[in-house]
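Per-entry structural report
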Amino acid sequence: MEKLRDGYLFQEIRRREEEHRKKYPTANVITLGVGDTTQPIPQIITSSMVQKACALSTDEGYSGYGPEQGEKALRQAIADKLYTHVEVKGDEVFVSDGAQCDISRLQLLMGSNLTIAVQDPSFPAYIDTGVLIGQTGEFHEKTRKYKNIEYMKCGPENDFFPDLSITPRTDIIFLCSPNNPTGHAATRKQLQQLVEFATKNGSIIIYDSAYTAYISDDSPRTIFEIPGAKEVAIEVSTFSKFAGFTGVRLGWTVIPKELKYANGFPIINDYNRIVCTCFNGASNIVQAGGLTCLSQEGYMALCSVIDNYRENAKILIDTLTSLGLKVYGGKNAPYVWVKFPGSSSSWDVFTEILEKTHIVTVPGAGFGPGGEGFIRISAFGNREVILEASKRLKTLFK
Ligand code: PLP
């Protein structure tokens, strides 16, 4: 616990936001920082949860503990509807209370005695849960890196994808695509290289596809589109950003049966033990909502919410580009990743934006040393809020 840096990034941002609100009590602060969804969940989905909740008050509809791995119908629907062009079986899907919780449970499965690689910058939970389980060693103040972690730099110079020719072998490789925070969706060729690299090295890829619903080009939606991935990869995903379930809580992890330890023992058997021991299954009410998300009507309603966020991202891209800034992401992810000129630290840029425009963003350095000089802006907002933010951003350099 003592090795954890500066509290959790988003808690630190909230703390600074609170301070700012106290300093400017009448300011209309816009929060485009923490990547939380803002749009209402389509009614067809909430109605199914209401119905399930009410049924629990009846003799016929009551149910207690469900299967720890999730309701069979939901596991199958995830496999059928979200893995359409690849072979994922229902019993390889473990339904959960969210991707972040699954990342922690995977860390528990793996333990402290192994090496991990993460993209730099990356979603902080991979490193922080690694610290908690004891994988990381000491933190070096000068490099701002943990001793035992392999940081795979991902910037504009390498198309936001690790240069595997200089990446040493590790037991585990965390890869998030579309990436939080850079917004980059890995191409098929990049993922093929990654799968080859993991196969050659006997490494396991933990692939986080939390933002896959935002892909608008032909980038792979899942690592399992890559031949050979089932032998080397686990995929973690969530209804949070796809269905606005950040507060409702529902996610899943796919552990292919083909994925085995070096001694041939299937990893799925151990993950099943972890799930049964440390988790008791996702809420039955929430799972009913998840099933409706995957019905034709539910899915279509969600697509229109996602289109709305996509349009927001486009507005932000256009605004920031018009300021002469280098803007990345936003096309396949709800995050825009902006490079600021000069040598200012990203926490300084964060403060400047907050002071001048009352907009909360996220300093890139919070995602690792490779994020220094960048700011992440979230497109999860009401349209009026995004338009107002855009208006204010246009005055940033005036
Ligand atoms: N993975 C990534 C890349 C994320 O950005 C987030 C949340 O922001 C999560 C996982 C957490 O997802 P969940 O809400 O399902 O815990």
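Only a predicted model underlies this, so the values are computations on that prediction, with no experimental measurement involved.

**Some remarks on the site of the ligand**
The immediate surroundings of the ligand are formed by 14 residues, with Ala99, Asp208, Tyr211, Thr238 and Ser240 found nearest. The side chain of asparagine 180 places a nitrogen or oxygen atom 2.8 Å from an oxygen atom of the ligand. A distance of 2.6 Å separates an oxygen atom of the ligand from a polar side-chain atom of tyrosine 211. If the ligand stood free it would expose 400 Å²; the protein chains cover 91% of that surface. Contributing elements (two or more residues each) for the shell around the ligand: helix H4 (99–110) and helix H7 (240–243). Tallied by class, residues from the shell around the ligand come to six nonpolar, five polar and three charged.

**With respect to the pairing of strand E7 (residues 172–176)**
Counting buried positions over the five residues of E7 gives five, a clear majority of the element. Judged by which residues are buried, E7 turns out to be covered on both faces: Ile172, Phe174 and Cys176 on one side and Ile173 and Leu175 on the other are all buried. Bridge count for strand E3 (residues 116–120) against E7 is two bridges, and the pairing is parallel. The residue of E7 that forms the bridge with isoleucine 116 is isoleucine 172.

**With respect to the packing of helix H3 (residues 72–82) against helix H9 (residues 284–293)**
At a closest axis distance of 10 Å, the pairing of H3 and H9 adopts a crossing angle of 30°. Between H3 and H9, the angle is such that the two are roughly parallel. Once H3 is placed against H9, the crossing between them reads as left-handed. Taken together, the residues of H9 that come into contact with H3 (itself represented by Ala73, Leu74 and Ala77) are Gln287, Gly290 and Leu291. In terms of residue class, the contact of H3 with H9 is made up of four nonpolar, two polar and no charged.

Analysis parameters
- Residues numbered from 1 in each chain as written.
- Predicted model: local features only at pLDDT ≥ 70, side-chain atom pairs only at ≥ 80, totals over all residues.
- Heavy atoms only, no water.
- Near = heavy atom within 4 Å.
- Polar contact = N/O pair within 3.5 Å; in protein donor to acceptor, adjacent residues only side chain to side chain.
- Areas by Shrake-Rupley, 256 points an atom, 1.4 Å probe, with all protein chains shown as cover.
- Helix = DSSP H or I, 4+ residues; strand = E, 2+ residues; numbered from the N terminus.
- Nonpolar A, V, L, I, M, F, W, Y, C, P; charged D, E, K, R; others polar.
- Buried < 20%, exposed > 50% of the residue type's maximum accessible area, 1.4 Å probe, protein only.
- Pairing = 2+ DSSP bridges.
- Axes fitted to C-alpha atoms, helices over the stretch in contact; angles between N-to-C directions.
- Parallel < 35°, antiparallel > 145°, perpendicular 65-115°, else oblique.
- Left-handed = near helix turned anticlockwise from the far one by under 90°.
- Contact = heavy atoms within 4.5 Å.

Bear in mind that shape data such as this cannot, by itself, settle questions of function.
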